[in-house]
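Residue-level structural notes
Chain residues, written in single-letter form:
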Amino acid sequence: MRRRDFLKLSAGTAALAALSAPAIAQGAVKEIRIGYQKNGVLVITRQQAALERHFSPQGIEVKWVEFSSGPPMMEAMNVGSVDYGAVGDSPPVFAQAAGAAIVYAAGQPITNGQGILVPKDSPIRDIAELKGKRIGFAKGSSAHNIVVQTLEKAGLTYADITPVYLTPPDAGAAFANGSIEAWAIWDPYFAIGETKQNGRILINAREVTKTNSFYIANRDFAKNHGVILQQIVDVTTATAKWAEQHRDEVARSLAAVTGIPLEIQTIAANRSSFVVGLVTDDIVATQQGIADRFHKLGLIPKPIVIRDIVWRNPAA
């Protein structure tokens, strides 16, 4: 993907347009900017004010910025408007290929909660029947990877479908009105599509491939403020451990922060894995496979080495 194409992914994104602060320079940190989406551990962290409680004694404020998907968050992080955030597997691949100033700070295996939906009355019953169909998903998102690997599983190529690049909210509307014939998406939109938009699961991502989500940091922030970054990761990890044991409370937290109905967030919370840890060799290998596949398909312009941007706390 050419850099100008990567930049287009975030065009018109309100969250990015509202962000203009430069990257935090070396020295005292006064504010940490956290990027989040409508799911996951960071939503719970925000609702519990866990980072605020941790950093307030240090005189550090926490600012939360919501994004509809990972690609615009990666661009905001690249320009230094966000210091830390959570995304799926594909956004950092596209971002690294475009030369973005990011590093992998932590990883989280995804065991459930994403896949491809079709309407309940759709004649599509097998993934091979996606041939020739319009599939909606966010370009450069984890759903992009699921589409690519699902096609491979069915013996199809990317050229066998018509990709329709849409943000999750726009894709949901297109799915509901029949403008697309399938929708690749993650929770809570996945649960919304199932329960509120007459969707049927064609395939779960876990049936296709290993998937991970990641906690990404701005490269300069990681370099200049490694101690602070490790504290953010530690708070994230602690929140994740709590979430594993308190799924009902997680659902209430997610609903309170996102405004998405409790019944939807309950579905998402009950099938999620919240464990956060190091970016292991296995996770790196899985992520490298995605990068190599995307390069082979021409989705990114050059080969990349995932390990080159995996952050390790030098003090650890």
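The structure we're discussing is the one just above.
What this report covers is the structure whose coordinates are included nearby. (Residues numbered from 1 in each chain as written. Predicted model: local features only at pLDDT ≥ 70, side-chain atom pairs only at ≥ 80, totals over all residues. Heavy atoms only, no water.)

**As for the packing of aromatic side chains**
One pass over the structure, following the stated rule, counts six aromatic pairs. Ring geometry for F94 versus F294: centroids 5.2 Å apart, planes at 50 degrees, classification tilted. Here F94, found in helix α6 (residues 90-97), pairs with F294, found in helix α14 (residues 281-296); they are 200 residues apart in sequence, far enough to count as distant. Accessibility expressed as a relative area gives 0% for F294, which makes it buried. Ring centres 4.8 Å apart and planes at 75 degrees place the aromatic pair Y104 and F214 in the edge-to-face group. Of this pair, Y104 sits in strand β4 (residues 102-110) while F214 is found in strand β10 (residues 211-218), placing the two residues 110 residues apart along the sequence. The buried category is assigned to Y104, whose relative accessible area is 0%. (Phe/Tyr/Trp six-rings, centres within 6.5 Å; stacked < 30°, edge-to-face > 60°. Helix = DSSP H or I, 4+ residues; strand = E, 2+ residues; numbered from the N terminus. Buried < 20%, exposed > 50% of the residue type's maximum accessible area, 1.4 Å probe, protein only.)

**What to know about the sheet that holds strand β7 (residues 162-165)**
In spatial order, the strands read β7-β6-β8-β5-β9; together these five strands make up an open sheet with mixed pairing. With partners counted over all chains shown, the strands left at the sheet margins are β7 and β9 (199-204), one partner each. The average undirected angle you get between the axes of adjacent strands in this sheet is 30 degrees. Where helix α7 (residues 142-153) meets the sheet, it contacts β5 (114-119), β6 (134-137), β7, β8 (182-186) and β9, and its direction lies at approximately 125 degrees from that of β8. Against the sheet, helix α8 (residues 168-176) makes contact with β5, β8 and β9, and its axis sits at roughly 145 degrees relative to β8, the strand it touches most. (Pairing = 2+ DSSP bridges. Axes fitted to C-alpha atoms, helices over the stretch in contact; angles between N-to-C directions. Contact = heavy atoms within 4.5 Å.)

**Thoughts on helix α13 (residues 262-270)**
Looking only at α13, the buried set comprises I264, Q265, A268 and A269. Buried residues of α13, seen end-on, are gathered within an arc of 130 degrees and therefore sit on one face of the element. Check the buried side of α13 and you find it contacts α9 (189-195) and α12 (247-258). (Arc of directions from axis to C-beta.)

**Looking at empty space enclosed by the protein**
Under the defined criterion, the tally for this structure stands at one cavity of 30 Å³ or more. Estimates place the volume of the largest cavity at around 490 Å³. Together, 32 residues line the largest cavity, and N39, G40, I110, D187 and S213 are the ones closest to its centre. Each residue belonging to the lining of the largest cavity can be placed in one class, and the counts come to 15 nonpolar, 16 polar and one charged. (1 Å grid on protein atoms, 1.4 Å probe; cavity = no way out; pocket = protein on both sides within 12 Å on 5 of 7 lines; lining within 4 Å. Points joined across faces, edges and corners; volume = space filled by probe spheres on them. Nonpolar A, V, L, I, M, F, W, Y, C, P; charged D, E, K, R; others polar.)

**So, the layout of surface pockets**
One number sums up the size of the second largest pocket: a volume of about 190 Å³. Broken down by element, the residue count for the lining of the second largest pocket peaks at four residues, all from helix α11 (residues 226-245). When its residues are assigned to classes, the lining of the second largest pocket shows eight nonpolar, four polar and two charged.

**Regarding the environment of V65**
Relative to the helices and strands, V65 is located in strand β2 (residues 61-66). A sequence separation of 17 residues divides V65 from V82, and the C-alpha atoms of the two residues are 8.0 Å apart.

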